[in-house]
Amino acid sequence: MATTTSINPLSNPKGTKKLCELCQKPAYIQCPSCRVTYYCDKEHQKLDWDGIHAETCQLLIPLRTPLPFSSSADERAHREQQQINRQKQIIELARTHGQKLLFESKYDLVVPAAMLCLKFSIGLYGLNSIELVPSYLLLGEASIGLGRLKQGEDYLSQAQWTVLKTPECPNQIKSKLYRNLGLLHAAKNNYSEALLQLADDIYHSSLVYGTDHIHTTGGYFHMANIFLKQGSPEKSLSLYEQVVSVWFTHLSLLIEEHEKTANLEDPAAIVAGQDELSLDVAQEAEAKLVLNTIQTVVQEKILHKEDFELSIKVHSALAMLHYILNDNLKVIELLNIIKKVIDDNPSEVNSKLVESYQLFRQIVEKNLS
């Protein structure tokens, strides 16, 4: 984190106030790097830096610096459009980074990212826009993770009200809203209502992406966790298998496209479909959370049933994920676990799954040689 630079509020130009980025109280220190962001104390500066400012520090300078005067209408229009594009970039970056922190369970750090996203969304779209809902959902889920259920409920109520007032609300946003409402009810141990909300999440996600898509698996995953808490391991197993199968298929296709691109003579060429398959940092964090959780459930035999194919698939999916993330030591470790499961249970494992493992191992060994 950058060091602090102290400021004296009394030295501000008349009629101007420098306020803390996080709490809006009078600011006494300034980020010395961008010099356009202010804080009430070092604690809030560190929280903001760890939460989002390290990612956005330099991007904020042109947005918080007055534009130079131009007598040309075309030049003014061009600069205004540049500012809009920069604001959209900040919103998308803060939203994605906040989602990543959620999957990493760093709930306190989500708040600065979500607040920055909300601030720029209000400035760009207004107070009543559906574009504000993703920020409310980030704040709601972070509050639930921190155990502040009343605060989380307030944020989700605001999101729900905005959705209800917007007939053309996209199904993607409805899906995320219902997922967060499911998490809220699960945190209150109201599992029946949580399952209903998660069913709505899956329905609306399926309308956009289909039932076998990584965007839809979050609903299955949270449902499985609830069934496990309710003492229904059979239902959990079925849903966990669905989640793992979807991620296994997606990552397999991504590896396949990655290898095609790597073999092209033109390094700038991109195989059709790879962009659609690629994972952003939030999806990478989601995959880690979901697959590692299921791996733990399988290894600790919480499901009260040996499922060799599920074990191979979840370890294979994790191996492919770590391969994409260039964590070769972890890839080898996971491949060795898969080999042991196959060697110890040769008659219990589907031959196509064994073939898939062998092909992937060949790719890894070729690239490591």
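Definitions and cut-offs
- Residues numbered from 1 in each chain as written.
- Predicted model: local features only at pLDDT ≥ 70, side-chain atom pairs only at ≥ 80, totals over all residues.
- Heavy atoms only, no water.
- Helix = DSSP H or I, 4+ residues; strand = E, 2+ residues; numbered from the N terminus.
- Contact = heavy atoms within 4.5 Å.
- Lys, Arg positive; Asp, Glu negative; His and termini not counted.
- Charge placed at Lys NZ, Arg CZ, Asp CG, Glu CD.
- Buried < 20%, exposed > 50% of the residue type's maximum accessible area, 1.4 Å probe, protein only.
- Salt bridge = Lys/Arg side-chain N within 4 Å of Asp/Glu carboxyl O.
- Axes fitted to C-alpha atoms, helices over the stretch in contact; angles between N-to-C directions.
- Parallel < 35°, antiparallel > 145°, perpendicular 65-115°, else oblique.
- Left-handed = near helix turned anticlockwise from the far one by under 90°.
- Expected span 1.5 Å × (residues − 1).
- Phe/Tyr/Trp six-rings, centres within 6.5 Å; stacked < 30°, edge-to-face > 60°.
- Lys NZ or Arg CZ within 6 Å of the ring centre and 35° of its normal.

The subject of this paragraph is the overall build of the protein. Broken down by element type, the protein carries 14 helices and three strands. For the C-alpha atoms alone, the extent of the protein along its principal axes is close to 80 × 55 × 40 Å. For the protein, contacts bridging at least 24 residues in sequence account for 60% of all contacts bridging at least 6. In the protein, 36 side chains carry a positive charge and 44 a negative one; their mean positions are 9 Å apart.

Next up on the list: the environment of Glu55. Along the polypeptide, Glu55 turns up in helix α1 (residues 42-56). For the pair Glu55 and His222, spaced 167 residues apart in sequence, the C-alpha to C-alpha distance is 30 Å. Contacts of Glu55, omitting those with residues within four sequence positions, involve Leu93 and His97.

Here the phi dihedral of Ser105 falls at roughly 60 degrees; this positive angle occurs in a residue that is not glycine. Topologically, Ser105 is positioned in the loop between α2 (73-103) and α3 (107-125). The partly exposed category is assigned to Ser105, whose relative accessible area is 41%. Even without glycine at this site, Asn189 takes up a positive phi of about 65 degrees. Assignment of secondary structure puts Asn189 in the loop between α6 (171-187) and α7 (191-209).

Quick look at the pattern of salt bridges now. Here the structure, examined in full by the defined rule, presents 15 salt bridges. Across the pair Asp154 and Lys150 runs a salt bridge, and its minimum N-O distance is 2.8 Å. One end of the pair, Asp154, and the other, Lys150, are both in helix α5 (residues 149-164), four residues apart, so they sit about a helical turn from each other. Given a relative accessible area of 54%, Lys150 falls into the exposed group. Residues Arg179 and Asp201 are paired through a salt bridge, measuring 2.7 Å at the closest nitrogen-oxygen approach. You can see Arg179 sitting in helix α6 and its partner Asp201 sitting in helix α7, a full 22 residues away along the chain. For the pair Arg179 and Asp201, one class covers both residues: buried. One salt-bridge network, held together by shared partners, links Glu21, Arg64 and Lys119.

Checked against the element boundaries, Cys23 lands in the loop between β1 (5-6) and β2 (29-30). Accessibility expressed as a relative area gives 27% for Cys23, which makes it partly exposed. Taking the C-alpha atoms as reference points, Cys23 and Pro68, 45 residues apart in sequence, are found 30 Å from one another. Filtering out sequence-adjacent residues up to four positions away, Cys23 remains in contact with Cys40 and His44.

Next up on the list: the packing of helix α11 (residues 281-299) against helix α12 (residues 308-324). Closest axis-to-axis distance for the α11/α12 pair is 10 Å, and the angle between their directions is 150 degrees. When the axis of α11 is compared with that of α12, the two are roughly antiparallel. Of the two possible hands of crossing, α11 and α12 adopt the one that is left-handed. Residue-level inspection shows Glu284, Ala287, Lys288, Leu291, Asn292, Ile294, Gln295, Val298 and Gln299 of α11 in contact with α12, the latter providing Leu310, Ser311, Val314, His315, Ala317, Leu318 and Leu321.

Now for α2. Compared with the 45 Å implied by 1.5 Å per residue over 31 residues, the 45 Å span of α2 between its first and last C-alpha is a close match. Those residues of α2 not exposed but buried are Gln83, Gln87, Ile90, Ile91, Ala94, Arg95, Thr96, His97, Gly98, Leu101, Leu102 and Phe103. Those residues of α2 that are buried lie in contact with α1, α3, α4 (133-145) and α11. One or two residues past the end of α2 sits Ser105, with phi positive at roughly 60 degrees.

This brings us to α6. Between its first and last C-alpha, α6 extends 24 Å over 17 residues, near the 24 Å set by a 1.5 Å rise per residue. Most of α6 is tucked away: twelve of the 17 residues are buried. For α6, the complete set of buried residues consists of Ile173, Ser175, Leu177, Tyr178, Arg179, Asn180, Leu181, Gly182, Leu183, Leu184, His185 and Ala186. Immediately beyond the C-terminal end of α6, within one or two residues, lies Asn189, with a positive phi of roughly 65 degrees.

Let's shift gears to the packing of aromatic side chains. This model, assessed by the stated rule, comprises two aromatic pairs. Consider the rings of Phe221 and Tyr240, whose centres lie 6.4 Å apart with planes at 50 degrees: the pair is tilted. Here Phe221 is found in helix α8 (residues 214-229), whereas its partner Tyr240 is found in helix α9 (residues 233-262), with 19 residues between them in sequence. The same class applies to Phe221 as to Tyr240, namely buried. Arranged with centres 5.6 Å apart and planes meeting at 85 degrees, the rings of Tyr323 and Phe360 form a pair that is edge-to-face. Of the two residues, Tyr323 sits in helix α12 while Phe360 sits in helix α14 (residues 351-368), which places them 37 residues apart along the sequence. In this structure, Lys313 packs its charged tip against the face of Phe248, placed 5.6 Å from the ring centre.

With respect to the secondary-structure elements, Ser369 resides in the segment after α14. Between the C-alpha atoms of Ser369 and Glu355, which are 14 residues apart in sequence, the distance is 21 Å.

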